[in-house]
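Working through the structure, step by step
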Amino acid sequence: MKFTFYGQSCFLIEINGKKFLFDPFITGNELAKNIDIHTIEADYILVSHGHGDHTADLIPIARRTGALVISNFEIISWLQQQGINHVHPMNFGSYDFDFGTLTYMQALHSSSFPDGSYAGAAGGFIFASPRYNFYYSGDTSLMLDMQLVPHYATIDTAILPIGGNFTMNVRDAVKASDFIQCNQIIGVHFDTFGYIKIDHAAAVNLFKEAGKTLLIPEIGHSYDV
């Protein structure tokens, strides 16, 4: 699995010959100012919830790439009003796609569109395929429901928020990795705003003390995991 980080919680997963873009927010992120959204290709776009720091570039990228957008029913309905019709609505549940089984699982977080209107419930995704399984929690606090993740798949890598304040902090993410039974974690949702700046070395060390690995990705860099 190849992971490319575009800042905040926007990243691209390349697996089984397909490209999966998550939570496209680049425009407006000063830390990602060198990323050209017009060069990003995707076969699928997965959206965890409606906040602007997860959807700012959703419409232009979806329109240009023709990617299938997967999200909750409310976000998909909103997209259809914008003329984006290559879509797949979900609520909390599982669906067998051509790439594998995708489970949309709840997250403990709010969700609204930039205008304040309701954007459905926030969620995360469990991706299960014959070659690789991963879990992206979306924006969330620590929750006991994460203990259900291994019921759906044995997770090879998990992508978890680590910035605190709006989501889990590093210590919570260590506990979340226990709940989901995964020791290889990629951190997201950090440093973009003053509220969520973290000490990178301390974060990595906290995971190391727990016998786990934390990758804190650099914007614009790709990693084989």
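Residues numbered from 1 in each chain as written. Predicted model: local features only at pLDDT ≥ 70, side-chain atom pairs only at ≥ 80, totals over all residues. Heavy atoms only, no water.

1. Things to note about the pattern of salt bridges
We apply this condition: Throughout this description, the term salt bridge denotes a Lys or Arg side-chain nitrogen within 4 Å of a carboxyl oxygen of Asp or Glu. Every helix listed is a DSSP run of H or I at least four residues long, and every strand listed is a run of E at least two residues long, numbered separately from the N terminus.
Across all of its chains, the model carries four salt bridges by this definition. Ionic pairing is found between Lys33 and Glu30, a salt bridge with its closest N-O pair at 3.4 Å. Here Glu41 makes a salt bridge to Arg64, at a shortest N to O gap of 3.3 Å. Here the residue Glu41 occupies a position in the loop between strand E3 (18-22) and strand E4 (44-46), and Arg64 occupies one in helix H2 (residues 58-65), the gap between them amounting to 23 residues. A cluster of three or more residues bridged by salt bridges with shared partners is formed by Lys175, Asp178 and Lys212.

2. So, the sheet that holds strand E14 (residues 222-224)
Going by this rule: Here, strands pair whenever DSSP counts at least two bridges between them. The axes are straight lines fitted to the C-alpha atoms, using for helices just the contacting stretch, and the angles between their N-to-C directions are given from 0 to 180°. Residue contacts follow a heavy-atom distance rule, with two residues in contact if any of their heavy atoms lie within 4.5 Å.
Ordered by their spatial adjacency, seven strands build an open sheet running E6-E5-E4-E3-E2-E1-E14, and the pairing between neighbours is mixed. In the strand order of this sheet, the two ends are held by strand E6 (87-90) and E14, each with one partner. Strand-to-strand, the axes of this sheet are offset by a mean angle of 20°, without reference to chain direction. Looking at chain direction, E3 and E4 are connected through three bridges and run parallel. Within the sheet, the bridge partner assigned to Leu21 lies in E4 and is Ile45. Sitting on the sheet, H2 touches E3, E4 and strand E5 (68-72), and the angle it makes with E4 is about 160°.

3. Regarding the UniProt feature "domain: Metallo-beta-lactamase" (unreviewed entry) in the protein
Note the following rule: UniProt positions are given in the numbering used here, feature names are shortened, and annotations may be inferred rather than shown by experiment.
Here, UniProt's "domain: Metallo-beta-lactamase" (unreviewed entry) annotation points to residues 7-189. Secondary structure over residues 7-189 splits into 20% helix and 30% strand, and the C-alpha atoms at its two ends are 8 Å apart.

4. A look at the side chain of Ser111
In plain terms, the rule: Only protein chains enter the accessibility calculation, which uses a 1.4 Å probe; a residue is then buried when its area is under 20% of its type maximum, exposed when over 50%, and partly exposed in between. Two N or O atoms form a polar contact when they lie within 3.5 Å of each other; inside protein one atom must be a possible hydrogen donor and the other a possible acceptor, and for residues adjacent in sequence the pair counts only when both atoms belong to side chains.
For Ser111, the location among the structural elements is in the loop between strand E8 (100-106) and strand E9 (123-128). Of the residues examined, Ser111 reaches a relative accessible area of 11% and is grouped as buried. Among the polar contacts made by the side chain of Ser111, one reaches the main-chain amide nitrogen of Gly50 at a distance of 3.0 Å. A distance of 3.4 Å separates the side chain of Ser111 from the backbone oxygen of Ala119, its partner in a polar contact. Sequence-distant contacts of Ser111, defined by excluding residues within four places in its chain, comprise His49, Gly50, His51, Tyr118, Ala119, Gly120, Ala121 and Ala122.

5. Re the packing of aromatic side chains
Quick reminder of the rule: Pairing of aromatic side chains requires ring centres within 6.5 Å, counting the rings of Phe and Tyr and the six-membered ring of Trp. Pairs whose planes differ by under 30 degrees are stacked, by over 60 edge-to-face, and all others tilted.
All told, the structure shown has 20 aromatic pairs when counted by the stated rule. Ring centres 4.7 Å apart and planes at 15° place the aromatic pair Phe11 and Phe22 in the stacked group. Of this pair, Phe11 sits in strand E2 (residues 11-15) while Phe22 sits in strand E3, and the two are eleven residues apart along the sequence. Each member of the pair, Phe11 as well as Phe22, carries the same accessibility label: buried. A ring pair is formed by Phe22 and Tyr136, whose centres lie 5.6 Å apart and whose planes are at 80°; its orientation type is edge-to-face.

6. Things to note about unusual backbone geometry
Its identity as a non-glycine residue notwithstanding, Asn16 has a phi of 55°, on the positive side. Among the structural elements, Asn16 can be located in the loop between E2 and E3. Judged by its relative accessible area of 30%, Asn16 falls in the partly exposed class.

7. Focus: the nonpolar core
So the rule is basically this: The nonpolar core is taken to be a set of buried Ala, Val, Leu, Ile, Met, Phe, Trp, Tyr and Cys residues, with the residues joined through side-chain atoms within 4.5 Å.
Membership of the largest hydrophobic core comes to 54 residues, with the highest contact counts inside it found for Ile70 and Tyr135. The element that contributes the greatest number of residues to this core is helix H5 (residues 170-180), accounting for six residues. Those residues within four positions of Tyr135 in sequence are excluded, and the remaining contacts are Met105, Phe125, Ile126, Met143, Met146, Val149, Ile155, Thr157, Ala158, Ile159, Leu160 and Ile180.

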